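What the coordinates show
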Amino acid sequence: MHRLAQLDHAHIWHPFTQMRDWLKREPIIITSGKGAVLRDVHGKEYLDANSSIWTNLHGHQHPKINAAIVRQLKKISHSSALGLANEPASKLAAELVKAANPGSRRREEADSTLVTKSISSSGRLQKVFFSDDGSTAIEVALKLAYEFIRRTRGWSSRFSVSPNKLKLGLQPKFLAVDGAYHGDTVGAVSLGHIDLFHKAYSGLLFKTDKVMAPYCYRCPFNKAKPEREDARKYRKCNWECVGKVEQKLCAQKRRGNPYAAFVFEPLMQGAAGMIPQPSGWLRQVTELACAHGALLIADEVMTGFGRTGVTCHVDDAAIGRATKSFSDAKLFACSRVGITPDFLCLAKGLTGGYLPMAATLTTQKIFNSFLGEYEEFKTFFHGHSFTGNQLGASAALASLNMLQTKQSVHSRAVLQKTMADELKSLWSLPNVGDIRQVGLVAGIELVRDWQTRQPFTLREQAGIRVCEAMAQRGVLTRPIGNVIVLLPPYCTTPAQVRKMVTVLREAVNDTL
Ligand SMILES: *Cc1c(COP(=O)(O)O)cnc(C)c1O
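Being a predicted model, the structure only gives us computed values, none of them experimental. Each chain has its residues counted from 1, following the order in which its sequence is written. Predicted model: local features are reported for residues with pLDDT of at least 70 only, side-chain atom pairs are reported and counted for 80 or more only, and whole-chain, interface and lining totals are derived from all residues. Working from all heavy atoms in the structure, the side-chain values ignore hydrogens and water.

With respect to the overall build of the chain
The helix count covers DSSP runs of H or I at least four residues long, the strand count covers runs of E at least two residues long, and both are numbered beginning at the N terminus. When its secondary structure is counted, the chain shows 19 helices and 22 strands. Radius of gyration: C-alpha atoms only; globule rule: 2.2 Å multiplied by the number of residues to the exponent 0.38. Its C-alpha atoms give the chain a radius of gyration of 23 Å, within 12% of the compact-globule value 24 Å for 512 residues. Along the first, second and third principal axes, the C-alpha set of the chain runs to 65 × 60 × 55 Å. With a 1.4 Å probe rolled over the protein chains alone, any residue whose accessible area is under 20% of its type maximum counts as buried; one over 50% counts as exposed, and the rest are partly exposed. Relative to its full complement of 512 residues, the chain shows a buried share of 55%. Note on contacts: a residue pair qualifies if any of its non-hydrogen atoms lie within 4.5 Å across the two residues. Considering only contacts in the chain between residues 6 or more positions apart, those separated by 24 or more positions represent 74%. Per-residue and other accessible areas follow the Shrake-Rupley method at a 1.4 Å probe size, with only the shown protein chains counted as cover for residues. By element, 55% of the accessible surface of the chain is carried by carbon and sulfur atoms, the whole surface being about 22,900 Å². Counted as positive: Lys and Arg. Counted as negative: Asp and Glu. His and the chain ends are not counted at all. A charge is said to be at NZ when it belongs to Lys, at CZ for Arg, at CG for Asp and at CD for Glu. Here the chain holds 66 positive side-chain charges and 44 negative ones, and the gap between their average locations is 2 Å.

Listed below in structure tokens is the structure:
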């Protein structure tokens, strides 16, 4: 076994990993990367088919991001944001605010299939709170929303909850979506609803409510028989999932304690199993949430920075249009459907996937509720040592710059179309039940038999085995249960996409 593998086995505890299984075999040790390719200690090359767990945007060793980091490195790597400002963080905050409010920069040329009028509860996103990763970005939104609601609903002076509310056991309450994953810190876990990950810690968590996810492929209200197509396209239902959200919102309002906030991953839930929302769901539920007084917390940790694509309907004309029209280049799922949330949580792709950094964007209204005389202690007492880190901010600025070039918009449009074309070939496999693509991310759900939708049990490890077979053939990705994830870096070439899909097909054939 390689020397480094021995050290790993001796000392490293890997995340989300059954270490007994891990210790049974020699791990792949990555030593370098270039574009969409990763290389291991033995010189073997792999395609990075999940963008290093959904973080990488432009590929590894991108000269522009490398140069931005090096330039900053020669000035300073880190100084504290507690009491000090710095150059790249200030510039990045301004750029993020611009990118998150595309409609206010130029007249909205909205994608007419998605947007009619804008949904917003407290206005334009204006302020940026930096932290380190997706979980902390969510944690910040959660605490800000909690405190904002307590203040605006007259529940608190700083040091006491009004006795009235306390007697009733009332607390600001959060509504999230079933299967949601918002990170692993205790607050983020409380908002999450994946039993497998979260149940063990229930004693540590505060209670949040959940509504059903619009998981068309396995929806109890979907009366359609399985077809060889994305289940959203042939669903037969009456939007019962939206009705469920409305019921929850109404019931909580009747209890005299409307939800403080509705937390959601817009357009596609990631770790839930790449569950895409049928067109219209997001606007309907966010409109309802706003109408019932809930703030909107959008978790775009996975969907942000162009991941949900350049236009919703992929065709050749769209690619031509994408290069002409920057309105198609909206970087956030929320902007694409005309929603301005009260909190926009960003991480994974923020730095192009080079350094750990996160941001929580919020509105002037939320910000103002934390203003006061010093001794009122309305301060947001929260922060991390590496908040506003200069190296991270420099990488993020370089990445954001690139995302806004015509060239990047065009190559994203091409990648999206290539993925759609290549993925079609998987429908011929009887073990493929659903293929769901949103922009530049796709989930392929493996089943025992597509005609019955019968799933593999977790014990069978169908997803894990298929991904292992893919790794042997030079394509790296991680499954979510029985769902294989394809989420390539934006620099992935059509030939590389073809290889990812071909290898997936071979792996399914050989393994199942
Ligand atoms: C990954 C992820 C998180 C957590 O981010 P970390 O950086 O891993 O803490 C939160 N929300 C979503 C949607 C994610 O995909």
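Now that the structure has been shown, we can carry on.
Regarding the site of the ligand
Nearness is defined per residue: one heavy atom within 4 Å of the molecule or strand is enough. The immediate surroundings of the ligand are formed by W54, D133, G134, S135, Y181, H182, G183, E265, D299, V301, M302 and K348. Each polar contact in these results corresponds to two N or O atoms within 3.5 Å; when the atoms are within protein, one needs to be able to donate a hydrogen and the other to accept it, and residues that are neighboring in sequence are counted only if both atoms are side-chain atoms. In the model, a nitrogen atom of the ligand is placed 3.5 Å from a nitrogen or oxygen of the Y181 main chain. In this structure, D299 approaches the ligand through a side-chain N or O atom, which is 2.6 Å from a nitrogen atom. Across the complex, the protein chains shield 85% of the 380 Å² of accessible surface that the ligand would expose by itself.

Focus on the packing of helix α4 (residues 63-73) against helix α16 (residues 390-403)
As a rule, the C-alpha atoms of each element are fitted with a line to give its axis, helices using only the stretch in contact, and angles between N-to-C directions run from 0 to 180 degrees. Where α4 meets α16, the closest approach of the two axes is 8 Å, and the angle between their N-to-C directions is 150°. Between α4 and α16 the crossing geometry is right-handed. Only Q390, L391, S394, A395, A398, S399 and M402 of α16 make contact with α4, whose side of the interface consists of K64, I65, A68, I69, Q72 and L73. Gly counts as polar in this scheme, as do all residues outside two lists: the nonpolar Ala, Val, Leu, Ile, Met, Phe, Trp, Tyr, Cys and Pro, and the charged Asp, Glu, Lys and Arg. Classifying every residue of the contact of α4 with α16 gives eight nonpolar, four polar and one charged. The hand of a helix crossing depends on one turn: near helix anticlockwise from the far one by less than a right angle means left-handed, and clockwise means right-handed.

Considerations on empty space enclosed by the protein
Residues are called lining when one of their atoms sits within 4 Å of a cavity or pocket point, these points coming from a 1 Å grid over the protein atoms alone, where a cavity is a set in which a 1.4 Å probe fits but cannot get out and a pocket is an open set with protein on both sides within 12 Å along at least five of seven lines. Grid points are joined across faces, edges and corners, and a volume is the space filled by probe spheres set on the points. One pass over the full model with this rule turns up four cavities of 30 Å³ or more. What the largest cavity holds in volume is close to 80 Å³. Looking at the largest cavity, the residues that line it are P214, Y215, C216, C219, F221, N222, R235, C237, W239, E240, C241 and P278. Class assignment of the residues belonging to the lining of the largest cavity gives a composition of nine nonpolar, one polar and two charged.

Comments concerning the side chain of D40
Mapped onto the elements, D40 comes out in strand β2 (residues 37-40). Here, a salt bridge means any side-chain nitrogen of Lys or Arg that lies within 4 Å of a carboxyl oxygen of Asp or Glu. In this structure D40 is buried but unpaired, with K44 as the nearest side chain of opposite charge at 6.8 Å. Polar contacts involving the side chain of D40 include one to the main-chain amide nitrogen of K44, which spans 2.9 Å. Among the polar contacts made by the side chain of D40, one reaches the side chain of Y46 at a distance of 3.2 Å. Non-local contacts of D40, meaning those with residues more than four positions away in its chain, are made with I28, I29, I30, T31 and Y46.

Here's the deal with the sheet that holds strand β13 (residues 295-299)
Pairing between two strands requires that DSSP report at least two bridges joining them. Pairing within the open sheet is mixed, and its seven strands lie in the order β5-β16-β15-β13-β10-β8-β9. Among the strands making up the open sheet, the edge pair consists of β5 (125-131) and β9 (209-211). Between one strand axis and the next, the sheet turns through 20° on average, direction left out of account. Two strands pair when backbone bridges link them, and strand β8 (residues 174-177) and strand β10 (residues 261-264) are joined in this way by two bridges, in the parallel orientation.

Brief notes about the packing of helix α11 (residues 240-254) against helix α12 (residues 281-291)
At a minimum axis separation of 10 Å, α11 and α12 run at an interaxial angle of 10°. By the angle class used here, α11 and α12 are roughly parallel. Residues C241, V242, V245, E246, L249 and K253 of α11 pack against W281, Q284, V285, L288, A289 and A291 of α12. Here the contact of α11 with α12 is composed, by residue class, of nine nonpolar, one polar and two charged. In these notes the angle categories are as follows: under 35 degrees is roughly parallel, over 145 is roughly antiparallel, 65 to 115 is roughly perpendicular, and the rest is oblique.

A look at the nonpolar core
Ranked by size, the top nonpolar core spans 96 residues in total, and within it L96, F262, M274 and I444 carry the most contacts. Ranked by residues supplied to this core, first place goes to helix α19 (residues 494-511) with seven residues. Per-domain counts for this core show at least three residues from each of domain 1 (3-63 + 409-511) and domain 2 (103-182 + 242-370). Excluding anything up to four places from it in sequence, L96 contacts V128, F130, F305, L346, L350, A359, L361 and L400. Only buried Ala, Val, Leu, Ile, Met, Phe, Trp, Tyr and Cys residues count toward a nonpolar core, and they belong to the same one when joined by side-chain atoms within 4.5 Å. Among the nonpolar cores identified, the runner-up in size contains 26 residues, and A137, L191, I297 and A347 belong to it. Delimitation of the domains relies on an automatic or database domain assignment.

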